[in-house]
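Listed below, chain by chain, are the residues.
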Amino acid sequence: MHVFVCFTVAACVCIGEASFFQLPPFPSPKECAFCSYDTRLTESGKEGAKRAEAVAKSLEPQPDLLVISPLTRALQTASLAFLPWYSGRVIVEPLARERVWLSSDTGRSPDLLAQDFKDYPQLSFEGLPDVWWYTGGLEPEGENLPLDDAEVEDSKMHEQIGFPLCV
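Bear in mind that the values here come from a model prediction, so they are computed numbers and not experimental data.

Q: Before we go on, may I ask you to explain the overall build of the protein chain in this structure?
A: Helix and strand counts for the protein chain come out as four helices and two strands. Tracing the protein chain from N to C terminus, the helices and strands come up as α-β-α-β-α-α. Within the protein chain, the proportion of its 167 residues that are buried is 35%. When contacts within the protein chain are restricted to residue pairs at least 6 apart in sequence, long-range pairs at least 24 apart make up 71% of them. Roughly 10,900 Å² of accessible area belongs to the protein chain as shown, and the carbon and sulfur atoms make up 57% of that amount.

Q: Just to check I follow, could you spell out the environment of Lys57 for this structure?
A: Counting through the fold element by element, Lys57 comes out in helix 1 (residues 43–57). When its relative accessible area of 44% is taken as the criterion, Lys57 is described as partly exposed. Taking the C-alpha atoms as reference, Lys57 lies 8.2 Å from Tyr86; in sequence the two are 29 residues apart. Not counting chain neighbours up to four residues away, the residues in contact with Lys57 comprise Gln62 and Trp85.

Q: Help me understand unusual backbone geometry in this model?
A: Keep in mind that most residues, glycine aside, have a negative phi and that most peptide bonds are trans. Put simply, Glu60 and Pro61 share a cis peptide bond, and its omega is -5°. Mapping Pro61 onto the fold places it in the loop between helix 1 and strand 1 (65–68).

Q: I keep staring at the pairing of strand 2 (residues 89–92) and nothing clicks. Help me out?
A: Working note: regular strand, side chains alternate between the two faces of the sheet. In the sheet, strand 1 pairs with strand 2 via four bridges, with the strands oriented parallel. Across the sheet, the residue bridging to Leu65 is Arg89, located in strand 2. With respect to chirality, the unit in which strand 1 leads through helix 2 (residues 72–81) into the neighbouring parallel strand 2 is right-handed.

Q: How should the nonpolar core be read in this particular structure?
A: One recurring pattern in soluble globular proteins: nonpolar side chains tend to sit buried together. Leu66, Ile68, Leu75, Val90, Leu123 and Phe125 are the most contacted members of the largest nonpolar core, which has 20 residues in total. Those elements that provide at least two residues to this core are strand 1, helix 2 and strand 2. Excluding residues within four positions of it along the chain, Val90 makes contact with Leu65, Leu66, Ile68, Leu83, Gln122 and Leu123.

Procedures and definitions
- For every chain, the first residue of the written sequence is number 1, and numbering continues from 1 onward in sequence order.
- Thresholds applied to this predicted model are a pLDDT of at least 70 for local features of residues and 80 or more for the giving and counting of side-chain atom pairs; totals over whole chains, interfaces and linings are not thresholded and use all residues.
- Side-chain metrics rest on all non-hydrogen atoms present in the structure, leaving aside hydrogens and water.
- By definition, any uninterrupted DSSP run of H or I lasting at least four residues is a helix, any uninterrupted run of E lasting at least two residues is a strand, and each is numbered from the N terminus.
- Note on exposure labels: buried denotes an accessible area under 20% of the residue type's maximum, exposed denotes more than 50%, and partly exposed covers the range between, all computed with a 1.4 Å probe on protein chains only.
- A contact between two residues is defined here by any heavy atoms of the two lying within 4.5 Å.
- For every accessible area listed, the method is Shrake-Rupley and the probe measures 1.4 Å; residues are considered covered only by the protein chains on display.
- When DSSP finds at least two bridges between two strands, those strands are taken to pair.
- Note on handedness: a clockwise path from strand one over the helix to strand two, with the strands aimed away from the viewer, defines a right-handed crossover.
- Nonpolar cores are built from buried Ala, Val, Leu, Ile, Met, Phe, Trp, Tyr and Cys residues. Side-chain atoms within 4.5 Å join them into one set.

Rendered as structure tokens:
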């Protein structure tokens, strides 16, 4: 009898510093910190993502798959830390997004993203709905997703990427 053990190694990369974090807490009602949509990386965030490239290249084993949120700051981080050299499979997946909590968690249409990231052929925005960041109010209330909802999200992700994720 032979026993085969298969596993997938996942490496998580946090986004670099986004412009949302540089705003004063509440400068005025007209310029509130919650009015910054699909925030981009700051110069400091871009520098940090570029520095992360060396760490990403040194990962052993190398990831078989990159799952990237369609939020601009996540795409920028991936494009600076991985996409210059990475040759594996890449999926731009809305389920990897942050939960819509603030305006900065509001994304942009696939057409706009495709224009901004046209220099990265690994990134495909085909199949993304025009409004991919919002589920129509179906997200559960509360600070954390209940386990059963997290399992539903995991099963959807499993269908997309071909293997289960730990929740």
